[in-house]
Amino acid sequence: MSVLLNPQLWAGTLSLATPLALPAIGGTFSERTGVVNIAMEGIMLIGAFFAVSFSYWTGSPWLGLLAAMTAGALIAWVFAWAAIRLASNQVVLGMAVNIFAAGITAFLLNTIFGYNGTPPSTASLATITIPAIKSVPILGWFFYQQSVLVYLMLVLVVVSHWFLFHTRLGLRMRAVGENPLAADTLGLNVWRLRYTGVIIGGVLSALGGAYLSIGILNSFDVNMTNGRGYIALAAMIFGKWTPFGSFGAALLFGFASSLSNSLQGNAIPTDLIAMLPYVLTVLALTGIIGRSVAPAADGIPYKLDR
Amino acid sequence: MGDFLAVTELTKAFPGVLANDHINLTLRQGEVHAILGENGAGKSTLMKLIYGLYEPDSGEILLEGKPVHFNSPRDAIHAGIGMVHQHFMLIPALTVADNVVLGDEPGRIRYHRKQAEEKVRRLSAQYKLTVDPAAKVGDLSVGLQQRVEILKAFYRKAKLLILDEPTALLTPQETEELFVIIRHLRDEGVPILFISHKLDEVRAVANRVTVMRAGKTVATLSVAETTSQQLANLMVGRDVVLRIEKEAQKLGPVLLDIQNVEVHDKEKHPRVRGVSFQVHAGEIFGLAGIDGNGQFELVDAIAGLVNVSGGSVRFDGKDITHLSPGARTETGIAYVPQDRQVEGLVLNFDLVENLILRDYRRRPFSRNGWLSRQAAVKFAEDLIRRFDIRPPDALRKAADLSGGNQQKVILAREVARDPKLLIVAQPTRGLDVGAIEGVHRQLLHLRDQGKAILLVSLELDEMMSLSDRIGVIHNGVLQDIVDAKTVTREKIGLLMTGSREDGTARISSLDLQEVRKP
């Protein structure tokens, strides 16, 4: 019980949820337009690497963030081109991106920064403690010394929801993910809408990666995402392909990780707690807890015969 | 003038078929104009030409007197043509309003959902198309979904409405409601093209009718001045049937005996209603009917692919109503399914694998769980020789074969098991004349060997020349069983449309129940 009253547990929950929520919402954008995206892991790695590199070279973590977003958009664009234009298998493509990203970031790290890795002088993003919230019980625990990216993430959750469900473009993107043929006959540009979804997804995933490298730390390590892209995938599914759902699932998974950190050395094996996200996702997919249904045309390339 | 839409000498050819051959058609302001024809008569092609999905080879389309040229459905929509496809173009996960306004939503960046719902509400009041704009389309009945499609057309300012087989998926009550809507729209001055192969519906709702047969427009008549008999004759045609020489029949005992069989589809709608008949050894029993009247559901049920919801199926003296398809195969039933590429073959497998698909578990093809490729190849090569499958290469993929040879592979596989009953669905669909003749000869040969054959085909000529007896099914009800030697095409045509010579339709007890429901 005393574990639950530990402020660090709750700060850790929000902090650990951030690099899951961002790519999960990114994946939501991609899959809502009908492109299965399992490349979050790889795009996060790329984002993490470029964030640190540019933060070091320019001295500004904000330019590092911008570089991460640009790199994420670029690799997502290549992925989208192969998935949409060439109608390749999206799962295989996603795996290819992940393997490529793991290799290229390890190679670049070694080539550019050498054996010792990224320099310890690299600037990281600022942390903020909002004084008004600080003294509020529980809420104050959550927001104690969080990175600006955490606050940005919270804003993005709301904006993404508004965008997907309350704008014309959002409606069109969702339509294309459900029935591209119907959308096409009504004059919508299926391909362009899908590109948009995938690239937004890439930018958000890269932000998730940047949080790891210049949000929590100020360095890059080989394979530092350590499977978070896949947990984000699970969070997206558990969250029923919605921004709020993805965020909720990310919080839950973040709590599980934070709890297993706090319980280290305790009687409960932490590995069991770390399994929780995956167990919950399987239960959601099989319909045991609140059935999760993918967009109808998710993963099916749309071919134009004109 | 007065013609809202005029189609003159429109022609469209596909490789090997002249789908539309100098079609002429006029649609007047304020009329419902039916296009009547059998499957494959060219109705769909004509609609796709008008809607911009195909480009005509020659001929002209005039809209309000001006020639138009559509490169895509978008152009057609823009010009004021609204089309309700047989298979709806809707997004079940979105609401009615979302579906209607998609592509032309109110608002600039923000989507004004309330405004969209208001617009849809106003449209549905104007056209008497009652439907809740905030409802999710996936939760609506088929009839209501169709209204959403019609609303979509009017939201885009359609001046003319094309309904492609609009009653195909509707219940009888929904069909009646649709007719009320159609009449109302007509009175509002909206010209409507109504595509159908159902005589009674054409008579119920159309002012004029254009009959199509084999890609040509045969006649345009005023519905009030014509009879069902006349329309049926025009639709089916009176071309001489090329009779195939048949040996005298050696009728054996009853092999298949189905009694009061009922089959429901996934939505629990009845598709087959209380059908009973028997098939003897040594006869070809044809099941005739217009597509979608339950014949394919019935043979799937006999083969065990779908469950019957009532009645019994007996084969060779045993009750097989609840046996699995595999167990039915063991009792001596073979099945040549309708879609040879999807249900009949594994296209990516070679001929050897395809030919042992039914028997791979058995010796000599399988020993203690290990496949014997050697035995299978030998078996396949033998069948390829006997059935003259070309090219004679057992290691070729099924996908590489022509349609006719693919059908030979399936027939070879099924016949090689020496079945007592062969169920054959659409055996010659899409085959060329030579291949058709081969399949026909094979089927007659099996009949003369004393096999029972249950044949389902949409080709009336094929049905009449092969079958010994023909059962005609309409709307899931067996209308009559007739002798193929003496029956006329006209009589079968009438039975297929649900009319009988005395002008009455045979209604099942189910129909009566539906009528009685409040």
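So, how was this worked out
Residues numbered from 1 in each chain as written. Chains lettered and ligands numbered in written order. Predicted model: local features only at pLDDT ≥ 70, side-chain atom pairs only at ≥ 80, totals over all residues. Domains from an automatic or database assignment. Helix = DSSP H or I, 4+ residues; strand = E, 2+ residues; numbered from the N terminus. Nonpolar A, V, L, I, M, F, W, Y, C, P; charged D, E, K, R; others polar. Contact = placed C-beta atoms within 7 Å. Expected span 1.5 Å × (residues − 1). Bend = angle between axes of the 7 residues up to and from the residue. Buried ≥ 20, exposed ≤ 12 C-beta atoms within 10 Å, placed from the backbone. Pairing = 2+ DSSP bridges. Axes fitted to C-alpha atoms, helices over the stretch in contact; angles between N-to-C directions.

## Concerning the domain arrangement of chain B
All names here are of chain B.
Right, on to step 1. Partitioning chain B into structural domains gives domain 1 (3-236), domain 2 (244-332 + 419-518) and domain 3 (344-418).
Right, on to step 2. For domain 2 versus domain 3, the separation of C-alpha centres amounts to 28 Å.
Right, on to step 3. Element by element, the count of residues in the side of domain 2 that touches domain 3 is highest for helix α15 (residues 433-448), at five residues.
Right, on to step 4. For the side of domain 2 that touches domain 3, the per-class residue count stands at seven nonpolar, four polar and one charged.

## Brief notes about the interface of chain A and chain B
Right, on to step 1. Chain A puts 16 residues into the contact, and the matching count from chain B is 16 residues.
Right, on to step 2. Classifying every residue of the side of chain A that touches chain B gives eight nonpolar, five polar and three charged.

## Considering helix α10 (residues 190-216) of chain A
Residue and element names in this part refer to chain A.
Right, on to step 1. With 27 residues, α10 extends 38 Å between its outermost C-alpha atoms, agreeing within 8% with the 39 Å of an ideal straight helix rising 1.5 Å per residue.
Right, on to step 2. Along its length, α10 shows its largest kink, about 35°, at A210.
Right, on to step 3. In terms of residue burial, α10 counts as a mostly covered element, since 23 of its 27 residues are buried.

## Looking at the sheet that holds strand β4 (residues 58-63) of chain B
All names here are of chain B.
Right, on to step 1. Taken in spatial order, the four strands line up as β2-β1-β4-β5 in an open sheet, and their pairing is antiparallel. Each edge of the sheet is formed by a strand with only one pairing partner; in this case those strands are β2 (17-28) and β5 (66-68). Sheet twist, expressed as the average angle between the axes of neighbouring strands with direction ignored, equals 25°.
Right, on to step 2. Inspection of the sheet shows β4 paired to β5 by three bridges, in the antiparallel sense. Each bridged residue has a counterpart across the sheet, and for I61 the counterpart in β5 is V68.
Right, on to step 3. Of the strands in this sheet, β1 (3-14), β2 and β4 are in contact with helix α1 (residues 43-50), which crosses β2 at around 65°.

## As for unusual backbone geometry
With the exception of glycine, the majority of residues adopt a negative phi angle, and the majority of peptide bonds are in the trans configuration.
All names here are of chain B.
Right, on to step 1. Put simply, R363 and P364 share a cis peptide bond, and its omega is 0°.
Right, on to step 2. Positionally, P364 belongs in the loop between α12 (351-355) and β17 (366-367).
Right, on to step 3. A cis geometry characterises the amide bond from R390 onward to P391, with omega recorded as -5°.
Right, on to step 4. Following the sequence through the fold, P391 ends up in the loop between α13 (373-386) and α14 (403-416).
Right, on to step 5. Even without being a glycine, H22 presents a positive backbone phi close to 45°.
Right, on to step 6. Looking at where H22 falls in the secondary structure, it is placed in strand β2.
Right, on to step 7. When the 14 C-beta atoms within 10 Å are taken as the criterion, H22 is described as partly exposed.

## What to know about the environment of F50 of chain A
Residues and elements named next belong to chain A.
Right, on to step 1. Topologically, F50 is positioned in helix α2 (residues 40-58).
Right, on to step 2. Judged by C-beta crowding, with 27 C-beta atoms within 10 Å, F50 ranks as buried.
Right, on to step 3. The spacing of F50 and G72 is 22 residues in sequence and 9.2 Å in space, taken between C-alpha atoms.
Right, on to step 4. Discounting chain neighbours no more than four positions away, the residues touching F50 are A67, A68 and A71.

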